[in-house]
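# A structural walkthrough
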Amino acid sequence: MGVGKTKRMPRAVREQQMLDAAVRTFGQRGYMAASMDEIAELAGVSKPLVYLYLNSKEDLFTACIRREARALTEAVRAGVRPGLPADGQLWSGLRAFFTHTARNPDGWAVLHLQARTHGERFAAEVAAMREEIVAFVTQLIAAAAREAHRDPDLPEREVAGLAEALVGAAESLADWANATPGVTAKQAAATLMNFAWAGLGDLMAGSPWPAPEESEEEPVAQAG
């Protein structure tokens, strides 16, 4: 082998290098303002090579969304520690969520800010990720509620709204934490636990907040 030859980089490694550059660019500049020239330069490759690997700006952005969504869901699932009490499991999951979003602010910006505002194709990718996380949190809360109420048949729909609200609060808090200097992942998780667990803890103990009686029934929201 000649002295001047360099080892060829495997395609998978090169592609991840391009995605790293794309996530950083999309996250910091936004989808519309980001250019393929800028992404290629940051990745240290030619623009034709980016197109060869990832076809178009739309396909590149979709690949970024999918990679970041997979990484976030895997981090949350891996962070939850089975065998702990319900509050410990929720705490460990929130710590994992806020740690990941703090360490990957560009990836979080792609998922929570950029993808949701630039077309149905991109929004649908994020919605699928969010549904997976909500389903996971629903299972976690439902398991704890069943244990607390000693009711193994307690349906998940009883806690599905709580999971939806909790995930929404976590998303907003992650935006705030990443934009506020000095806020750690631990502090963000503690903030949400202080906000949510008092209510969840009462619910687990069989003492939900009593809604006041109304003279008329509220209309039920209709899907679609």
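Scroll up to find the structure.
First things first, this report covers the structure right here in the doc. Small disclaimer: the values here were computed from a predicted structure and weren't measured.

This part takes up the side chain of arginine 67. Mapped onto the fold, arginine 67 is located in helix H4 (residues 57–79). Residue arginine 67 is classed as buried on the basis of its relative accessible area, which comes to 16%. In terms of polar contacts, arginine 67 uses its side chain to reach the side chain of aspartate 20, at 2.8 Å. In this structure, arginine 67 is in contact with Gln16, Leu19, Asp20 and Val23, ignoring residues within four places of it in sequence.

Let us look at the environment of serine 46. Relative to the assigned elements, serine 46 resides in the loop between helix H2 (36–43) and helix H3 (47–54). With 10 residues separating them along the chain, serine 46 and methionine 36 place their C-alpha atoms 9.6 Å apart.

Let us look at the nonpolar core. Of all hydrophobic cores here, the largest spans 57 residues; its most connected members are Phe26, Leu60 and Phe98. Sort the elements by how many residues they give to this core and helix H7 (residues 120–149) lands first, with 11 residues. Structurally, this core is a two-domain feature, drawing no fewer than three residues from each of domain 1 (1–55) and domain 2 (65–224). With residues near it in sequence (within four places) discarded, leucine 60 still touches Leu19, Ala22, Phe26, Met36, Ile39, Val50 and Leu54.

Oppositely charged side chains can pair when the atoms bearing their charge come close. Counted by the stated rule, this structure contains 10 salt bridges. Its salt-bridge partner being arginine 29, residue glutamate 38 comes within 2.9 Å of it at the nearest N-O pair. Look at arginine 29 and you get partly exposed, because its relative accessible area is 45%. Close ionic contact of glutamate 125 with arginine 66 constitutes a salt bridge, the shortest N to O distance being 2.7 Å. With a gap of 59 residues between them, glutamate 125 in helix H7 and arginine 66 in helix H4 connect regions that are remote in the sequence. For arginine 66, a relative accessible area of 47% puts it in the partly exposed group. Each of the salt bridges in this network shares a partner with another, and the network as a whole consists of Arg116, Arg130, Glu164 and Glu171.

Cut-offs used in this document
Residues numbered from 1 in each chain as written. Predicted model: local features only at pLDDT ≥ 70, side-chain atom pairs only at ≥ 80, totals over all residues. Heavy atoms only, no water. Helix = DSSP H or I, 4+ residues; strand = E, 2+ residues; numbered from the N terminus. Buried < 20%, exposed > 50% of the residue type's maximum accessible area, 1.4 Å probe, protein only. Polar contact = N/O pair within 3.5 Å; in protein donor to acceptor, adjacent residues only side chain to side chain. Contact = heavy atoms within 4.5 Å. Core = buried A, V, L, I, M, F, W, Y, C linked by side-chain atoms within 4.5 Å. Domains from an automatic or database assignment. Salt bridge = Lys/Arg side-chain N within 4 Å of Asp/Glu carboxyl O.

By themselves, these are just geometric observations and shouldn't be taken as functional.
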